[in-house]
Amino acid sequence: MFLIIAFFFTIAIQIYDVKRIKDNYVLSEGKVTFYHTGRGKSDGEVRYDFKVNEEWISNAYFENHYIEIPDEKPDTTISYLVIYEKSSPQNGFLLFNYPITDKDDLSEYEELFKKGIPDDVFYN
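Described below are features of the structure shown in this document. Remember, it's a predicted structure, so these values are computed and weren't measured experimentally.

### What to know about the sheet that holds strand 1 (residues 25–36)
Phase 1: Spatially, the five strands line up as an open sheet ordered 3-2-1-4-5, and their pairing is antiparallel. Single-partner strands in this sheet number two, and they are strand 3 (55–62) and strand 5 (88–100). This sheet shows a mean twist of 40° between the axes of neighbouring strands, independent of strand direction.
Phase 2: Note: strand 1 against strand 4 (residues 79–85), seven bridges, orientation antiparallel. Looking at the pairing, leucine 27 lines up with isoleucine 83 of strand 4.
Phase 3: Sheet strands in contact with helix 2 (residues 105–113) are strand 1, strand 4 and strand 5, and its direction is about 110° off that of strand 5.

Take a look at the structure:
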């Protein structure tokens, strides 16, 4: 019974965190500092550094019901888009499906996100 309650509590926290991001998000660029696949019995994990007001900060997260970590190791030499809650930058995610490979990519993603968060950012 305890495990079921803990599972639902974890899901509720994830829903709340994603809702807060959707309500007040900022985009940035981030670099992967650690990657562990979600393949097999363990959860995927990613650690990354990203810019907030021209300052680099670190964050990490485990794969969950809203963010998928790729099974195949991504290119860790490039940057990726990061979405985070404006008032709480630690509530954020690195988005592997939005690579930043040239100087114009970030501004193109910002323009895309002005219309709203695309459907392929959060799952479920």
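### Concerning the packing of aromatic side chains
Phase 1: In total, this model carries 10 aromatic pairs according to the counting rule given.
Phase 2: Where tyrosine 48 meets tyrosine 61, the ring centres are 6.0 Å apart and the plane angle is 75°; that geometry is what we call edge-to-face. You can see tyrosine 48 sitting in strand 2 (residues 45–52) and its partner tyrosine 61 sitting in strand 3, a full 13 residues away along the chain.
Phase 3: Taking relative accessible area as the criterion, tyrosine 48 reaches 0% and is therefore assigned buried.
Phase 4: The interplanar angle of 90° and the centroid separation of 5.1 Å between the aromatic rings of tyrosine 98 and tyrosine 109 together place this pair among those described as edge-to-face. Linking tyrosine 98 in strand 5 with tyrosine 109 in helix 2, this pair joins segments that are 11 residues apart in sequence.
Phase 5: For tyrosine 98, a relative accessible area of 6% puts it in the buried group.
Phase 6: Relative accessible area serves as the criterion here: at 15%, tyrosine 109 is assigned to the buried category.

The rules behind the values
- Residues numbered from 1 in each chain as written.
- Predicted model: local features only at pLDDT ≥ 70, side-chain atom pairs only at ≥ 80, totals over all residues.
- Heavy atoms only, no water.
- Pairing = 2+ DSSP bridges.
- Helix = DSSP H or I, 4+ residues; strand = E, 2+ residues; numbered from the N terminus.
- Axes fitted to C-alpha atoms, helices over the stretch in contact; angles between N-to-C directions.
- Contact = heavy atoms within 4.5 Å.
- Phe/Tyr/Trp six-rings, centres within 6.5 Å; stacked < 30°, edge-to-face > 60°.
- Buried < 20%, exposed > 50% of the residue type's maximum accessible area, 1.4 Å probe, protein only.

Function cannot be read off these values alone, since they describe shape.
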